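# Topology and contacts: notes
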Amino acid sequence: MNRRSPWLTLSALAVYFFLYAPIVVLVLFSFNSSRTNIVFEGVVNRGACGPFYWFCQLAGNNDVLEATRNTLIIALISTLVSTLIGTLAAIALQRYAFPFKRTSEAMLYVPIVIPEIVMGIGILVFFSAIFRWLNANLGLQGDARLAMGLTTVIVSHIAFSVPFVIMIVRARLHGFDKSLEEAAMDLGANELVTFRRVTLPLIAPGVLSGALLAFTLSLDDFIITFFTTGPGATTLPIYVYGLLRRVITPEVNALSTIWILAVLLLVFISRQMERRSA
Amino acid sequence: MADYAVELRNVSKRFPGPSGELVTAVKQVNMQIGDGEFFSMLGPSGCGKTTSLRMIAGFEHPTEGEVYIHGRAMGTTPSFQRPVNTVFQSYALFPHMTIGENVAFGLQMDRVPKADIAQRVKDALSMVRLPGYENRKPKQLSGGQQQRVALARALVKRPEVLLLDEPLGALDLKLRKEMQMELKRLQREVGITFIYVTHDQEEALTMSDRIAVMSHGVTLQVGNANEIYERPNCKFVADFIGETSFLAGKVQSQHGEFCTVDLPSGLQVIAEAQRTLATGTAVSVAVRPEKMQLGAQNGDENQFTGRVSNVVYIGTDTQYTVQLPGEQRVRVRAQNSAPGSRPLVDEGAEVTISFPAQAARVLTE
Amino acid sequence: MLQKLRQDARLQGLLLISPTLLWMMVLLIIPLLLTVVTSFGQRDTDGNVIYRFTLENYTRLIGFTAEGFDPLYFTILWRSLALALQTTVVSILLAYPLAFYIARAVPKRRNTLLFLVLVPLWTNFVIRIYAWIMILRTQGVLNSILGWGAGLVGLPFTPLDMYPSQGAVLIGMVYEFLPFMILPIYTSLEKIDGSLFEAAADLGANALRTFLRVTLPLSMPGVVAGTILTFIPVVGTFVVSDILGGRQVILVGNLIQRQFLEARNPPFGSAVSILLMVMTLFFTLYYTRRFGFGEEITAG
């Protein structure tokens, strides 16, 4: 297996090209001087920001800012909750035997194997029915009416993140040495102290990995958010989708470029953390 | 009633097994361990020794019976409320803490003032001959060093009893022997009760004041090394401790503490019996190889002629396997005391072996 | 009470998992059950659900509408499956060489190469689809390059009509899920014991035969995992077909989306959704039963 076929290298390079060409085009066009953004007409140089004109325009775009704010809030809250309950569940599944354990495990696989749209529709149908019933029976009118919004999105994001958190934390728990916990208890620590000072620090890297995955999944989600969102709860992916049907200025590209850079930064940070804990 | 350091009264433990049925790991065990004793629980894996230890530590609770520590019934008291500490087989040092933090952990649980903790940690590490190791991490230490840290961590709390679960299992032979000496010395120095679990009978014999030999969840015999070795009370103990040759036969008659046993080949053996046995009882006569001699000896009640089937030179001794009539086989060990020893007899030669009645024990099971 | 909790391990386990279980029940199981119920329901003129039993949604799906037999929805389903199949095949053809290349690379470089495969995944997928619009449209990047090239050689050039089209949808789908095909194939290739190749050579097999008889069969688990990870999302997609296919390409996902948002027919939409779910569950069950649920999937 030592000879390197030039055809293999070529095809590998071609696939990498295929993967990255769109991204390169995207970033490039965020410097486009043409507003209609159909053809690249040279690097823009307008206003105080010069070549970064479109990036600066973003800063003044309230819709973008609100969408960004929503996206981050949703991601943060859903990550916190899903990591918390997911870690506890992973501990339960890895360490304990309890009734309905097999059923629970099967249930946790469901979000992973069904298409996102099915889950999204399900939640939409569910909340529509509940809100309709509650609004009618509690006599809510106007602004007080229950409707889809930030809360429904957050709650749905938690639902699809938890199985992934559990998977990752379980993998980490798999090699965990139980005698460490027994040693702590032997030395006088009760269950809570043992968990806080021995178990948690040792599973922390796994928990953080899970949290990071939950955060990324939430940031990126489109389909489920699409069906569970409402006015005032627009996230960035939804916002971009909406724009695609209208005028696509290089502002969208600028947004995309920033997005890509932000994600790369996040990944970089997480790798540094991983390296630190190894 | 004098307070034993640890007492187990009619303790049984049952677990659900792999296919759901109940497995009895410990069956009606009674043990009394005195203050300052070095007490070992010895037996093959699965005999219940580790389970018994864990019930003393509080990691398991007896299904029946009661564990007493200095006269106090432990009931379902969890391990962190018991005045005992454990040294684990895998050392169980916290990998994310330094050596100093590991040793200090138990003291922090006891809410010892910070200044005192530092000093006590220092003293504990000196006691196990690892002074100045406070800032290192467990993974930087060798197996033997980790073992000593585990010891220090347990002893620094000044427990009433120290439990050791096969602590030397992972060490190589030379290190193990050194640590055996260390542990014995430490126990004398600290003066508290050590309860030691092992499957290595040589280890138990060298270190312990008393030994409990266990098999299949029951204690077969409790006594000091001499009692267990010289006067085993059943086949299992005779076979598990040291080497034994067995001669199976039936009781022909008994005079006081000596029995005459008929062997199937027609030969007769005279051996010591522990109790009165009815004529015709099926028994095994146990003899240690080193108690038998090659060549007739005046005064020995038992003398047999056989053929040497195997000669093995083991350095300090030579071991001869002798075939007796009736397809019975014994092993005889002779020390190679003369310089440049050659075997006393060669393979295939006819030889007489002899041993006194006191060297043989009649065992019913 | 605390005593009882401390001693009963089963109770402790249940307690730890209860928040998650509750969440999944309320947001997954109950919604799915409600979807099933709704699929047997009717609607009023406002688009609200009326819980009165009817089979009309399902019969309509199969083709028996009030106006006679209309296999419209069948066609849509068929088209979605065909697209998923095409996507899978093209993905395998593109992914395999790259996975092979990475598996044979020096271990030090492998991490970087894998990282490079993952980076596009982390950029938002709506953005990535948008990039393809820029590339494929009539005055887009691709046509510009082709036109410029044709100009160099002196050939006349009419811009290709690539967007919106079914082909564009295929390209978009392949692009979206390529990493999910590369990673599992890589994982299973990497696991192959190197000494097997030496054994094959020792027994007289050349490079091609070693590949066909040893490497390919052993990499099958990865191919299967990648297929599952690609097929399921593709069958249910609507975004890519919506954006890159314009209004012309309608897949199952678009159908569902439109029933809920435009046609305001939740019962029918639910029926289509349930059909989709049943199809993918069958697919997954068949595949995992046949080929096993390996770690190649979790790697992806």
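Look up: the structure comes first, before these words.
For the structure given in this document, a descriptive report is provided here. Remember, predicted model here, so these are calculated numbers, not experimental data.

The helix and strand inventory of chain C stands at 15 helices and four strands. For 300 residues, the compact-globule estimate of 2.2 N^0.38 gives 19 Å, and chain C exceeds it by more than 25% at 25 Å. In terms of its C-alpha atoms, chain C occupies a principal-axis envelope of roughly 75 × 70 × 35 Å. The buried share of chain C, taken over its 300 residues, is 42%.

With that out of the way, let us pick up the overall build of chain A. When helices and strands are tallied, chain A shows eleven helices and zero strands. When its helices and strands are written in sequence order, chain A yields α-α-α-α-α-α-α-α-α-α-α. Each principal axis of the C-alpha distribution contributes one length, and for chain A these read about 75 × 70 × 40 Å. Here chain A, with 278 residues, has 42% of them falling under the buried criterion.

A word on the interface of chain A and chain C. Contact with chain A, which involves 67 residues of that partner, is made by 69 residues of chain C. Residue assignment for the side of chain A that touches chain C shows that the elements contributing at least two residues are helix H1 (6–29), helix H3 (62–95), helix H4 (101–113), helix H5 (116–138), helix H6 (150–174), helix H8 (191–220), helix H10 (236–244) and helix H11 (250–277) of chain A. In terms of residue count, the dominant contributor to the side of chain A that touches chain C is H1 of chain A (13 residues). Its residues assigned to classes, the side of chain A that touches chain C shows 56 nonpolar, eight polar and three charged.

All names here are of chain C. On the secondary structure map, Val 272 appears in helix H14 (residues 266–291). You can call Val 272 buried: it has 29 C-beta atoms within 10 Å. When the C-alpha positions of Val 272 and Thr 123 are compared, they lie 30 Å apart, and in sequence the two are 149 residues distant. Aside from chain neighbours lying at most four places away, what touches Val 272 is Leu 61, Val 252, Leu 255, Ile 256 and Gln 259.

It is worth spelling out the packing of H5 of chain A against helix H13 (residues 252–261) of chain C at this point. Orientation of H5 of chain A relative to H13 of chain C, taken along the N-to-C sense of each, is 15°, at an axis distance of 11 Å. As judged from the angle between their axes, H5 of chain A and H13 of chain C are roughly parallel. Between H5 of chain A and H13 of chain C lies a crossing whose hand is left-handed. Where H5 of chain A abuts H13 of chain C, its residues Ile 117, Ile 121 and Leu 124 of chain A lie against Gly 253, Ile 256 and Phe 260 of chain C. Per-class residue counts for the contact of H5 of chain A with H13 of chain C are five nonpolar, one polar and no charged.

For the rest of this paragraph, the subject is the interface of chain B and chain A. Counting from both sides, the interface comprises 18 residues of chain B and, opposite them, 14 residues of chain A. Breaking the side of chain B that touches chain A down by element, the ones donating at least two residues are strand S6 (84–87) and helix H2 (99–109) of chain B. Looking at the side of chain B that touches chain A, the element that brings in the most residues is H2 of chain B, giving three residues. Across the side of chain B that touches chain A, the residue classes break down as nine nonpolar, six polar and three charged.

Moving on, we come to the sheet that holds strand S17 (residues 317–324) of chain B. Within a sheet, neighbouring strands are paired by backbone hydrogen bonds and run either parallel or antiparallel to one another. The sheet built from five strands is open, its strands ordered S15-S19-S16-S17-S18 (chain B) with antiparallel pairing. Pairing within the sheet leaves two strands with one partner each, and these edge strands are strand S15 (293–294) and strand S18 (328–335) of chain B.

In this section: the packing of H3 of chain A against helix H2 (residues 9–39) of chain C. Two elements in contact, H3 of chain A and H2 of chain C, have axes whose closest approach is 8 Å; the angle formed by their N-to-C orientations is 130°. One finds that H3 of chain A runs oblique with respect to H2 of chain C. Taken as a pair, H3 of chain A and H2 of chain C cross one another with a handedness that is left-handed. Of the residues in H2 of chain C, those touching H3 of chain A at Ile 85, Gly 86, Leu 88, Ala 89, Ile 91, Ala 92 and Leu 93 of chain A are Gly 13, Leu 16, Ile 17, Pro 19, Thr 20 and Trp 23 of chain C. When its residues are assigned to classes, the contact of H3 of chain A with H2 of chain C shows ten nonpolar, three polar and no charged.

This part covers the sheet that holds strand S5 (residues 72–73) of chain B. Residue and element names in this part refer to chain B. Taken in spatial order, the four strands make up an open sheet running S2-S1-S4-S5, and their pairing is antiparallel. Each end of this open sheet is capped by a strand with a single partner; those strands are strand S2 (22–33) and S5. One ladder, built from eight bridges, connects strand S1 (residues 6–16) with S2; its direction is antiparallel. Among the inter-strand pairings, Val 6 is bridged to a residue of S2, identified as Ile 33.

A few words on the nonpolar core. With 137 residues, the main nonpolar core has Ala 99 and Ile 182 of chain C as its most contacted residues. The element best represented in this core is helix H8 (residues 166–190) of chain C, accounting for 15 residues. Apart from the residues within four sequence positions on either side, Ile 182 of chain C is in contact with Ala 95, Leu 98, Ala 99 and Val 117 of chain C. If you look at the next biggest cluster of nonpolar residues, it comprises 104 residues, including Tyr 91, Met 207, Val 285 and Val 308 of chain B.

This brings us to the environment of Leu 146 of chain C. Residues and elements named next belong to chain C. Its location among the elements puts Leu 146 in helix H7 (residues 141–153). Leu 146 gets classed as partly exposed once you count the C-beta atoms within 10 Å, which come to 15. As a C-alpha pair, Leu 146 and Glu 56 span 90 residues in sequence and 51 Å in three-dimensional space.

All names here are of chain A. Its place among the elements puts Cys 49 in the loop between H1 and helix H2 (53–59). When the C-alpha atoms of Cys 49 and Ile 224 are compared, they prove to be 37 Å apart, with 175 residues separating the residues in sequence. The contact partners of Cys 49, leaving out residues within four places of it in the chain, are Phe 55 and Cys 56.

Residues and elements named next belong to chain B. As defined by bridge partners, strand S16 (residues 302–313) adjoins S17 across six bridges and the pair is classed as antiparallel. Bridge pairing links Arg 307 to Gln 323 in S17. Between S16 and S17, which pair antiparallel one after the other, the connecting turn spans three residues, and Gly 315 there sits at a positive phi close to 85°. Of the strand pairs in this sheet, S17 and S18 are connected by eight bridges, and their pairing is antiparallel. Across the sheet, residue Gln 319 finds its bridge partner in S18, namely Arg 333. Between S17 and S18, which pair antiparallel one after the other, the connecting turn spans three residues, and Gly 326 there sits at a positive phi close to 85°.

Turning to unusual backbone geometry, a few remarks are in order. All names here are of chain C. Across the junction of Tyr 163 and Pro 164, the peptide omega takes the value -10°, indicating a cis bond. Tracing the chain through its elements places Pro 164 in the loop between H7 and H8. Residue Arg 264 is not a glycine yet carries a positive backbone phi of 50°. Counting through the fold element by element, Arg 264 comes out in the loop between H13 and H14.

A word on the pairing of strand S10 (residues 218–223) of chain B. For a regular strand, side-chain orientation follows a simple rule: the groups alternate between the two sheet faces. Residue and element names in this part refer to chain B. Pairing of strand S9 (residues 210–215) with S10 involves five bridges; the strand directions are antiparallel. Directly across from Val 213, in S10, lies its bridge partner Gln 221. Counted between consecutive antiparallel strands, the loop separating S9 from S10 contains two residues, among which His 216 sits at a positive phi close to 50°.

Definitions and limits used
Residues numbered from 1 in each chain as written. Chains lettered and ligands numbered in written order. Predicted model: local features only at pLDDT ≥ 70, side-chain atom pairs only at ≥ 80, totals over all residues. Helix = DSSP H or I, 4+ residues; strand = E, 2+ residues; numbered from the N terminus. Rg over C-alpha atoms; globule rule 2.2 N^0.38 Å. Buried ≥ 20, exposed ≤ 12 C-beta atoms within 10 Å, placed from the backbone. Contact = placed C-beta atoms within 7 Å. Nonpolar A, V, L, I, M, F, W, Y, C, P; charged D, E, K, R; others polar. Axes fitted to C-alpha atoms, helices over the stretch in contact; angles between N-to-C directions. Parallel < 35°, antiparallel > 145°, perpendicular 65-115°, else oblique. Left-handed = near helix turned anticlockwise from the far one by under 90°. Pairing = 2+ DSSP bridges. Core = buried A, V, L, I, M, F, W, Y, C linked by C-beta atoms within 7 Å.

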